[in-house]
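Summary of the model geometry
Residue strings, one per chain:
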Amino acid sequence: MTPRFPRLPLCRPAEGSARARPAPWRSPPEAGGRRRRAHERARLGMRGGPRPRKRRRKSVEAAAGPCVLCPRRETDKAAMPVQLLRTVKGESETSLPSHLQQEDLEHLQEGFDHTNKYFQGIVVLSHPLVKLGDGTDFLKIVLQDLDNLCSRINSINILIYGKMAVDCAKIIQSGDTVVVAGFKLAKSPTAAEDGRHCCHLEASEEDGSAIYIYPKQKKNAASETASVSVAPKYVYTPLNHLKDGTIVNLYGIVKFFKPPYVSKGTDYCSVVTLVDPSNEKLTCTLFNGNLDSLPKIYKVGDIVRFHRIKVWDGTKCPYPTWKVPVEAKDLEGDKVLLQQLRNLTVDILVYDNHVQLAKSLKIGNFLRIYSIHTKQASAAADVSHIEFHLHGGTCYGRGIGVLPESNPDVKELKDFLESVHLSDSQNTESVSSVESDSTSNDTIDLESHLQIYQQLPVTVLTDHQHFSNTELKTILNSTAPQQYRIRAKLKNYKPQELYQSLKLHCSNCNSLQEVPDGDSFDFILQDSALTASNPELHNTSWYDSVTWTTQDQNQRKITIHFVRHDEMLQHPEDTLLMIEGGKLKEVRKLTKRFKCVIPVRSTEDDLELLDLSAPFLLQGNISYYGCKQCSSPKPIKNLSSIAAEQQPSWEPSEIAQVLGIKPLQYVFIMKFTLVDGTGALNAYLFDYEKFFQIPASEILTNNFLQQKMQMTMNMLCPPGRKLDDLPWLDCFIKSYNVRDTTEHKVYYQIFDTTVAGDVI
């Protein structure tokens with residue numbers, strides 16, 4: 001089951017950096033703080049409006065001051081609202097106050113006193129510290145119930161205020177265990193969107209709350225060493241006792257070695273010749289996709305050990321070769337001779353750019369085929385066999401060469417063929433080939449086999465097809481800027497959590513920012529609702545206004561301004577409206593019926609947009625944001641110019657232009673680690689919708705697109721696969737320089753590349 005994309009926080013620390021925090025702010029003055037908190041609760045629509053004053057818990061000793069002669073008692077911990085506690089062997093060194101009782105999610109209900117209750121959970125999300133409209137510091141974290149860590153529904157939002165929020169922001173990290181005691185419970189306005197508990201917890205020092213933090217435990221070297229099993233004892237076979245087909249352990253003294261080099265495939269190769277006390281010599285050719293996995297040999301005379309090596313005498317391939325099912329009528333040449341030579345021939349599948357040359361070959365040509373892919377596979381009867389594939393491209397010299405008659409290798413091959421007795425070949429038991437069943441397999445469609453075995457790239461180029469492939473090693477040794485066509489495999493990608501790849505990008509200043517979550521937008525809406533709508537701005541020449549009062553205890557006034565066209569209101573699906581005083585849930589309802597919704601607030605002279613931390617426009621399920629740095633907001637009345645058009649389209653780009661907004665674009669930002677056997681490089685993907693063929697602006701609210709993106713990445717980089725089994729990617733990349741005062745770096749970016757249409 002594909003996980004849902006959670007809502008993104010306002011910002012995240014850069015990958016590999018320390019936890020990102022905003023610059024410190026001066027704490028708000030305490031005078032008048034209780035009155036501001038009461039109004040803040042009323043603004044947020046929290047239970048009970050202003051709180052009663054008698055809420056702070058103080059012990060007698062705390063009120064009078066501690067005695068200098070007596071040691072501090074356990075109950076004095078109430079004076080420390082945020083405490084960082086240690087655990088030893090899974091047990092806390094310090095006990096929680098005895099008066100506290102644990103509460104689980106299932107029994108959390110409004111209307112009860114939770115002064116002596118606590119909730120415990122693991123931090124799965126921590127938002128940045130922000131300031132509310134009245135200057136109060138605010139931190140939101142998400143805790144998951146310890147009794148059911150696998151289900152996201154068993155999580156709850158924790159809202160922390162004041163100095164307690166500042167202290168927690170300095171300490172809390174993802175994975176920490178947090179205990180929230182003496183909390184308040186209120187309805188969560190975002191429960192329907194984030195899928196968490198219908199209520200949230202509120203905690204502040206002012207209300208006598210306390211938070212206890214148990215940092216996530218890290219494994220130490222001692223515990224890791226203790227978990228390692230004792231190394232087994234090996235029995236070594238002398239080199240003069242090696243037998244074909246056996247699996248042995250062996251050791252020897254290095255008489256000759258060739259340091260690792262890049263093979264014609266994707267692996268590194270090393271050659272070493274050993275001798276042992278039996279004076280027998282053994283040459284080993286070693287392959288591995290990881291350079292560090294090959295033996296580290298520094299000089300002749302080193303002693304090398306190999307474990308679980310399969311012995312082959314080097315005379316005959318231990319596996320039969322696969323015969324491609326082809327009908328006899330499609331074969332060219334002497335069919336009698338082909339039958340006689342059937343045990344001396346192999347079939348090779350040729351792809352892409354090599355097909356045209358293969359068609360021009362003449363019977364009797366002597367060939368040398370370069371960089372052929374040899375693959376061990378299993379037939380339907382679970383019989384292993386060897387297949388030969390000549391894939392597309394020219395990497396590592398891949399191709400077909402026709403040898404002249406004068407070539408020494410041709411003469412040697414001719415001499416061998418003349419020495420072969422065809423009768424012996426015909427009588428030999430057919431152990432060197434896997435032949436098709438004459439009654440059924442002869443009619444098997446060759447195209448179905450090609451579909452299974454052909455390794456076509458899973459990405460395609462949308463331009464520059466005339467470029468030749470360049471090895472990554474060459475690219476890494478070249479200066480920037482340049483453009484290259486490559487064929488490589490996706491070894492790894494970041495972020496692994498795909499929702500983290502979604503960003504907002506300004507094409508003007510080239511800045512990136514996180515996509516704000518629903519909570520942030522709701523706070524801005526509720527803050528703007530404190531400003532009453534100006535009646536003098538209602539019912540103008542280009543819009544009609546309607547105001548009503550909500551039926552809840554706050555009795556908010558909501559005003560909606562419907563933009564007219566030709567003195568008439570349009571159909572809802574063609575209408576742009578502006579809303580004052582609405583909450584997030586009310587704004588979302590309007591976007592389901594009307595084409596465009598713009599949140600605004602009143603000034604003395606005109607309506608104006610909210611802070612650009614909020615969307616300047618909502619259209620369907622998409623929220624459109626503007627760049628704070630590059631935008632110069634203009635009066636809302638400028639929208640009247642669009643309303644006066646013959647057929648107003650209300651396109652987001654047109655609305656942004658008349659309002660002086662530089663719109664931000666949704667974009668996927670990912671880092672791909674690409675390898676091709678000659679090297680590895682990190683290339684950045686910067687994609688609006690071309691690469692994945694998925695609009696970045698729609699993915700947050702579309703489960704189908706989320707699943708499609710996850711499936712696409714699973715095809716490009718299948719989890720759990722070996723490097724050899726990964727698919728090839730054809731990509732176009734460009735290198736560019738990034739310089740600052742201290743260093744110069746070269747970066748790479750993928751462009752003009754898209755996922756093949758038949759991948760998903």
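Residues numbered from 1 in each chain as written. Predicted model: local features only at pLDDT ≥ 70, side-chain atom pairs only at ≥ 80, totals over all residues. Heavy atoms only, no water.

1. Some thoughts on the overall build of the protein chain
Along the protein chain, the regular secondary structure elements total 16 helices and 40 strands. Within the protein chain, residue pairs in contact and separated by at least 24 positions form 63% of the contacts whose partners lie at least 6 positions apart. (Helix = DSSP H or I, 4+ residues; strand = E, 2+ residues; numbered from the N terminus. Contact = heavy atoms within 4.5 Å.)

2. Description of the side chain of histidine 127
Its place among the elements puts histidine 127 in the loop between strand 5 (117-126) and strand 6 (130-131). Within the structure, the side chain of histidine 127 is placed 3.3 Å from the side chain of aspartate 517, a separation counted as a polar contact. (Polar contact = N/O pair within 3.5 Å; in protein donor to acceptor, adjacent residues only side chain to side chain.)

3. Details of the packing of aromatic side chains
Taken as a whole and assessed by the stated rule, the structure comprises 13 aromatic pairs. Between phenylalanine 138 and tyrosine 161, the ring centres sit 5.3 Å apart and the planes meet at 50°, which makes this aromatic pair tilted. Here tyrosine 161 lies in strand 8 (residues 155-161) and phenylalanine 138 lies in strand 7 (residues 137-145), a separation of 23 residues in the sequence. On the accessibility criterion, phenylalanine 138 (4% relative accessible area) is buried. In this structure tyrosine 161 comes out as buried when scored by relative accessible area, which is 2%. Here the aromatic rings of phenylalanine 691 and phenylalanine 692 are separated by 5.0 Å at their centres, their planes lie at 90°, and the arrangement is edge-to-face. The buried category is assigned to phenylalanine 691, whose relative accessible area is 1%. (Phe/Tyr/Trp six-rings, centres within 6.5 Å; stacked < 30°, edge-to-face > 60°. Buried < 20%, exposed > 50% of the residue type's maximum accessible area, 1.4 Å probe, protein only.)

4. Some points on the confidence of the model for the protein chain
Looking at the protein chain, the pLDDT average stands at 76 and 77% of residues meet or exceed 70. Throughout residues 1-78 the model reports pLDDT below 50, and contacts reaching past four residues in sequence, or to other chains, amount to 135 contacts. Overall, residues 221-232 carries pLDDT values under 50, and its contacts beyond four positions in sequence, including any with other chains, amount to one contact. (pLDDT = per-residue confidence, 0-100.)

5. Structural notes on the nonpolar core
Formed by 67 residues in total, the largest nonpolar core has its most connected members in Met578, Ile598, Leu639, Ile655 and Phe672. Not counting residues within four places of it along the chain, the set of residues in contact with isoleucine 655 comprises Leu576, Cys596, Ile598, Leu617, Leu639, Ile642 and Trp650. Judged by nonpolar contacts, the second largest core, of 27 residues, contains Leu129, Ala165, Cys168 and Leu201. (Core = buried A, V, L, I, M, F, W, Y, C linked by side-chain atoms within 4.5 Å.)

6. Side note on helix 3 (residues 162-171)
Along helix 3, the residues classified as buried are Met164, Ala165, Val166, Asp167, Cys168 and Ala169. Along its buried surface, helix 3 packs onto strand 1 (82-84), strand 7, strand 8, strand 11 (199-204) and strand 12 (210-214).

7. Describing the environment of threonine 754
Tracing the backbone through its elements, the reader meets threonine 754 in strand 40 (residues 753-755). Classification of threonine 754 as buried rests on a relative accessible area of 9%. Separated by 22 residues in the primary sequence, threonine 754 and phenylalanine 732 have C-alpha atoms spaced 9.8 Å apart. The contacts of threonine 754, once residues within four sequence positions are left out, are Thr459, Val460, Thr462, Lys690, Phe691 and Gln693. Within polar-contact distance, the side chain of threonine 754 engages the backbone oxygen of phenylalanine 691 at 3.3 Å. In this structure the side chain of threonine 754 is engaged in a polar contact, spanning 3.2 Å, whose partner is the side chain of glutamine 693.

8. Side note on the environment of asparagine 290
Within the fold, asparagine 290 resides in the loop between strand 15 (281-288) and strand 16 (303-310). Residue class for asparagine 290 comes out partly exposed when judged on its relative accessible area of 38%. Spatially, the C-alpha atom of asparagine 290 lies 7.1 Å from that of tyrosine 268, the residues being 22 residues apart in sequence.

9. Some words on the pattern of salt bridges
Within this structure, the stated rule accounts for 15 salt bridges. As a salt-bridge pair, arginine 556 and glutamate 586 come within 2.7 Å of each other at their nearest N and O atoms. With a gap of 30 residues between them, arginine 556 in the loop between strand 28 (543-549) and strand 29 (557-565) and glutamate 586 in helix 13 (residues 584-591) connect regions that are remote in the sequence. Overall, arginine 556 belongs to the buried group, its relative accessible area being 12%. Among the salt bridges present, the one from lysine 690 reaches aspartate 752, with a minimum N-O distance of 3.1 Å. Pair noted here: lysine 690 is in the loop between strand 37 (680-687) and helix 16 (703-716) and aspartate 752 is in the loop between strand 39 (744-751) and strand 40, with a separation of 62 residues, a long-range link. (Salt bridge = Lys/Arg side-chain N within 4 Å of Asp/Glu carboxyl O.)

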